[in-house]
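The primary structure of each chain is shown beneath.
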Amino acid sequence: MDWPISEVARMSGVTARTLRHYDETGLLTPARIGANGYRYYEEHQLLLLQQILVLRALGVGLPEIGRILAAQVDEVDALRSHHRRLLAERDRLDALAGTVSRTIAELEQSRKDGYPMTINRPENLFEGVQPSQYADNLSDFPEHAEAVGRRAATMSQADADAAHRERTAQMIRLAELMAVGHPADAEPVQAEINAQYRALIQLRAVSAEEFRAMGRSCVDNAAWRAAYEAIASGLAAYQRDAIEAYATTRLS
């Protein structure tokens, strides 16, 4: 039995564009090309796609995934290894969500009390943040994922640490702005989005429509949405709306 690319895209949540990119780069070749020119996938390709998506969720870049798949012999052993990594990643994300939640609660309490927040143990701000997680889950944006992977490969450990700490701080700042009632198009929010966009275009050109698509993925992509919602309820939609406002007013 085989499935056309449209059905595989529906089942997996990966866009047909991404599947075509995987084929073009040799990462996931379809079982056959039909007379109509459509790509068709069999069970073996679906298992490989599962492994690719698991590894992408763990922050592994596409070139490294290609090397991992090429070196594999036994699928069960490979899946056991991926499962161990997923369990470790689950624990890391639980720790990170708890870290951010505590920081938000402490910031809100300090504002109610009228005193600045005192950080007694600054290392606690970064519990659960690992430099190896530099590349975000960009499976729906393969060209940008490649650019992120190339940049990450050239970064020193100190630079990677700093990048992850800034990303964590950025998400906290956005959650704070939402908590105090700033609309998504307010200037303080747009300043944060501008910083995000400037960081993106340091890697490669990002059009207004692609930036909008990234914003929509904050809600439409289950992994992204879960990451935002773990920090603050409604943050995924807030990020999406803020990007939409930025793209409309500053990039159009």
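Relevant structure appears above.
Residues numbered from 1 in each chain as written. Predicted model: local features only at pLDDT ≥ 70, side-chain atom pairs only at ≥ 80, totals over all residues. Heavy atoms only, no water.

## Some details on the overall build of the chain
Here is step 1: The number of helices and strands found in the chain is 11 helices and 3 strands.
Here is step 2: Traced from its N-terminal end to its C-terminal end, the chain shows the element sequence β-α-α-β-β-α-α-α-α-α-α-α-α-α.
Here is step 3: Here the chain holds 252 residues, and the buried ones make up 40% of them.
Here is step 4: Restricting to contacts in the chain with at least 6 residues of sequence separation, those with at least 24 account for 65%. (Helix = DSSP H or I, 4+ residues; strand = E, 2+ residues; numbered from the N terminus. Buried < 20%, exposed > 50% of the residue type's maximum accessible area, 1.4 Å probe, protein only. Contact = heavy atoms within 4.5 Å.)

## Notes on the packing of aromatic side chains
Here is step 1: On inspection of all chains with the given rule, the structure shows 3 aromatic pairs.
Here is step 2: When the centroid spacing of 5.0 Å and the interplanar angle of 50° are considered together, the rings of tyrosine 197 and phenylalanine 211 count as tilted. A residue pair is termed long-range when its members are at least 10 positions apart, and tyrosine 197 in helix 8 (residues 187-201) and phenylalanine 211 in helix 9 (residues 208-220) qualify at 14 residues. Each member of the pair, tyrosine 197 together with phenylalanine 211, is buried.
Here is step 3: With 5.9 Å between their ring centres and 85° between their planes, phenylalanine 211 and tyrosine 246 make a pair best called edge-to-face. In this pair, phenylalanine 211 sits in helix 9 while tyrosine 246 sits in helix 11 (residues 235-251), placing the two residues 35 residues apart along the sequence.
Here is step 4: The exposure class of tyrosine 246 is buried, given its relative accessible area of 1%.
Here is step 5: Taken together, the aromatic side chains of Tyr197, Phe211 and Tyr246 make up a single cluster linked through ring pairs.
Here is step 6: Taking NZ or CZ as reference, arginine 32 lies 4.2 Å from the ring centre of tyrosine 40, over its face. (Phe/Tyr/Trp six-rings, centres within 6.5 Å; stacked < 30°, edge-to-face > 60°. Lys NZ or Arg CZ within 6 Å of the ring centre and 35° of its normal.)

## Here we look at the side chain of glutamine 196
Here is step 1: Summarising the element assignment, glutamine 196 is placed in helix 8.
Here is step 2: Using a relative accessible area of 10% as the deciding quantity, one classes glutamine 196 as buried.
Here is step 3: Among residues more than four places away in sequence, those in contact with glutamine 196 are Arg167, Gln170, Leu174 and Gln239.

## Thoughts on the side chain of serine 217
Here is step 1: Structurally, serine 217 can be placed in helix 9.
Here is step 2: Once you skip the residues sitting within four places of it in the chain, serine 217 turns out to touch Phe141 and Trp224.

## Remarks on the environment of arginine 39
Here is step 1: Within the secondary structure, arginine 39 sits in strand 3 (residues 39-41).
Here is step 2: A relative accessible area of 18% means that arginine 39 is categorised as buried.
Here is step 3: Contact partners of arginine 39, with chain neighbours within four places excluded, come to Trp3, Pro4, Ile5, Arg20, Asp23, Glu24, Pro30, Arg32 and Ile33.
Here is step 4: A distance of 2.7 Å separates the side chain of arginine 39 from the side chain of aspartate 23, its partner in a polar contact. (Polar contact = N/O pair within 3.5 Å; in protein donor to acceptor, adjacent residues only side chain to side chain.)

## What to know about the packing of helix 1 (residues 5-12) against helix 2 (residues 16-24)
Here is step 1: Running from N to C, helix 1 and helix 2 point in directions that differ by 110°, and their axes come no closer than 9 Å. Classed by the angle they form, the pair helix 1 and helix 2 counts as roughly perpendicular. Crossing geometry of helix 1 relative to helix 2 is assigned as right-handed. Counting all contacts with helix 1, which are made through Ile5, Val8 and Ala9, the residues of helix 2 involved are Ala16, Leu19 and Arg20.
Here is step 2: Within the contact of helix 1 with helix 2, the residues separate by chemical class into 5 nonpolar, no polar and 1 charged. (Axes fitted to C-alpha atoms, helices over the stretch in contact; angles between N-to-C directions. Parallel < 35°, antiparallel > 145°, perpendicular 65-115°, else oblique. Left-handed = near helix turned anticlockwise from the far one by under 90°. Nonpolar A, V, L, I, M, F, W, Y, C, P; charged D, E, K, R; others polar.)

## What about the nonpolar core?
Here is step 1: In this structure, Val189, Phe211, Ile231, Leu235 and Tyr238 are the most contacted members of the largest nonpolar core, which totals 31 residues.
Here is step 2: Going through the elements one at a time, helix 5 (75-113), helix 7 (157-179), helix 8, helix 9, helix 10 (222-231) and helix 11 are the ones with two or more residues in this core.
Here is step 3: It is helix 11 that provides the largest number of residues to this core, a total of 6 residues. (Core = buried A, V, L, I, M, F, W, Y, C linked by side-chain atoms within 4.5 Å.)

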